[in-house]
Amino acid sequence: MTGDQAKMGMDFKNGVLVAVEEWNNKGGVLGKKIEMRISDDQHDPKQAVSVANKMVNDGVVGVIGHFNSNCSIPASDVYNRAGIPMITPASTNPRLTEKGYKNVFRVCGRDDQQGRVASDFVINYLKLKEIAVLHDKTTYGQGLADEFRKFIGDKVKVVYYGGIIQGDKDFKMVLTAIKNKNPKLVFFGGIYPEAGLLVREASEIGLDAKFMSGDGTIDPKFIEIAGAPAAEGTYLTFSPDPKNIPSAKGFIDKYQSRYGEIGPYSIYAYDAANIMLTAIKEANSTEGVSIIDKLHSIEFNGAIGKIRFDSKGDVTVAPYVVWITKGGKFEEYWKP
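Bear in mind that the values here come from a model prediction, so they are computed numbers and not experimental data. (Residues numbered from 1 in each chain as written. Predicted model: local features only at pLDDT ≥ 70, side-chain atom pairs only at ≥ 80, totals over all residues. Heavy atoms only, no water.)

A. Seen up close, the sheet that holds strand E6 (residues 185–189). With respect to topology, seven strands assemble into an open sheet ordered E5-E4-E6-E7-E8-E11-E12, the strand pairing being mixed. Across the chains shown, the open sheet's two edge strands, defined by having one partner strand only, are strand E5 (157–163) and strand E12 (329–334). Taken pair by pair, the neighbouring strands of this sheet meet at an average axis angle of 25°, ignoring direction. Summarising the sheet, strand E8 (residues 235–238) and strand E11 (residues 321–326) pair through four bridges and their orientation is antiparallel. When the bridges of E11 are listed, Tyr235 appears paired with Ile324. (Pairing = 2+ DSSP bridges. Helix = DSSP H or I, 4+ residues; strand = E, 2+ residues; numbered from the N terminus. Axes fitted to C-alpha atoms, helices over the stretch in contact; angles between N-to-C directions.)

B. Seen up close, the packing of helix H11 (residues 266–283) against helix H12 (residues 288–297). The contact between H11 and H12 brings their axes to 8 Å, and the two run at 115°. Looking at the two axes, H11 sits roughly perpendicular to H12. For the crossing formed where H11 meets H12, the hand is right-handed. Contact residues: Ile275, Met276, Ala279, Ile280, Glu282 and Ala283 in H11; Ser290, Ile291, Lys294 and Leu295 in H12. (Parallel < 35°, antiparallel > 145°, perpendicular 65-115°, else oblique. Left-handed = near helix turned anticlockwise from the far one by under 90°. Contact = heavy atoms within 4.5 Å.)

C. Spotlight on the environment of Gly15. As for its placement among the helices and strands, Gly15 is situated in helix H1 (residues 6–25). Along the primary structure Gly15 and Tyr270 are separated by 255 residues, whereas in three dimensions their C-alpha atoms are 4.6 Å apart. The contact partners of Gly15, leaving out residues within four places of it in the chain, are Phe251, Tyr255, Ser266, Ala269 and Tyr270.

D. Broad picture of the side chain of Thr88. As for its placement among the helices and strands, Thr88 is situated in strand E2 (residues 86–88). Residue classification places Thr88 among the buried positions, given a relative accessible area of 0%. There is a polar contact of 2.6 Å between the side chain of Thr88 and the backbone oxygen of His66. In terms of polar contacts, Thr88 uses its side chain to reach the backbone amide nitrogen of Ala90, at 3.1 Å. If we ignore the near neighbours within four places in the chain, the residues touching Thr88 are Gly65, His66, Ser72, Leu96, Phe105, Arg106, Val107 and Cys108. (Buried < 20%, exposed > 50% of the residue type's maximum accessible area, 1.4 Å probe, protein only. Polar contact = N/O pair within 3.5 Å; in protein donor to acceptor, adjacent residues only side chain to side chain.)

E. Summary view of the packing of helix H2 (residues 45–58) against helix H3 (residues 69–82). As a packed pair, H2 and H3 sit with axes 8 Å apart at the nearest point and diverge in direction by 25°. By the criterion of interaxial angle, the relationship of H2 to H3 is roughly parallel. Along this stretch, H2 crosses H3, giving a crossing that reads as right-handed. Contacts between H2 and H3 involve Pro45, Ala48, Val49, Ala52, Asn53, Met55 and Val56 from the first element and Asn70, Cys71, Pro74, Ala75, Val78, Tyr79 and Ala82 from the second. In the contact of H2 with H3, the residues fall into 12 nonpolar, two polar and no charged. (Nonpolar A, V, L, I, M, F, W, Y, C, P; charged D, E, K, R; others polar.)

Here is the structure:
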């Protein structure tokens, strides 16, 4: 809710607010109005654990969050011990649902899924021979970069692999080292504040390589930080545009009338909240074990389409596509 990624937090909050308002306008759930408790983990794992403990002590019934994988993973330990269901709209690191916790769910895909799509694009569409791989050393960023590199295998030569520090403001030294290796593409695992700076500074030093990243970059702030000319033609992996999904129209219209343009994960937060509340209603209980069992068994018709969780808490279908930055906006570009 604060700091350099606060935009994503506000997108989350607003998406959940739309869902809660809709339910409360119909009387709430189990005869009671729904109350939101909003906390700020500042994308800090230690703060995320503190937030999780506070949520448990406050007696919350379910959690929508967290945003970053490096926060969701340690927070999930706390929620699991308390038997509280959590649904993250955006944490994509595979380790989150590989821990065997029955209470953990996500409505987004996983980094091994988008890493595979990104590698297919580089190998089979761009047909590049030499690339660089960079990450921000976080659970999400390095996790995505490593999945991408794994699927690249020996089909493309990785001439540079390294990390940067999240929060730094000058990446020209590492970009110069990359430039000296002459890659045709730089793949970055990380979030839009650093991605924007990397693209801007790469342009400034004359690094002539395409830029590609993941879902953490698809926000207008990326283009604002990079500058539209430098951002032009950059690629990223994300799920299909919800504006092309008929079931999403009602949510998009309502959200935009209240808060302006939807964020990348606003609709996922909205669906996550609706799934949680539907499970509470169908379980006819606020007991964690009953809600968790219901979450594992229901098929939900969400704004982004049908959602069903597998035994790990992952969605059974997670389509990823490649987007391109064009004319100062993001648009779908390639499907595997």
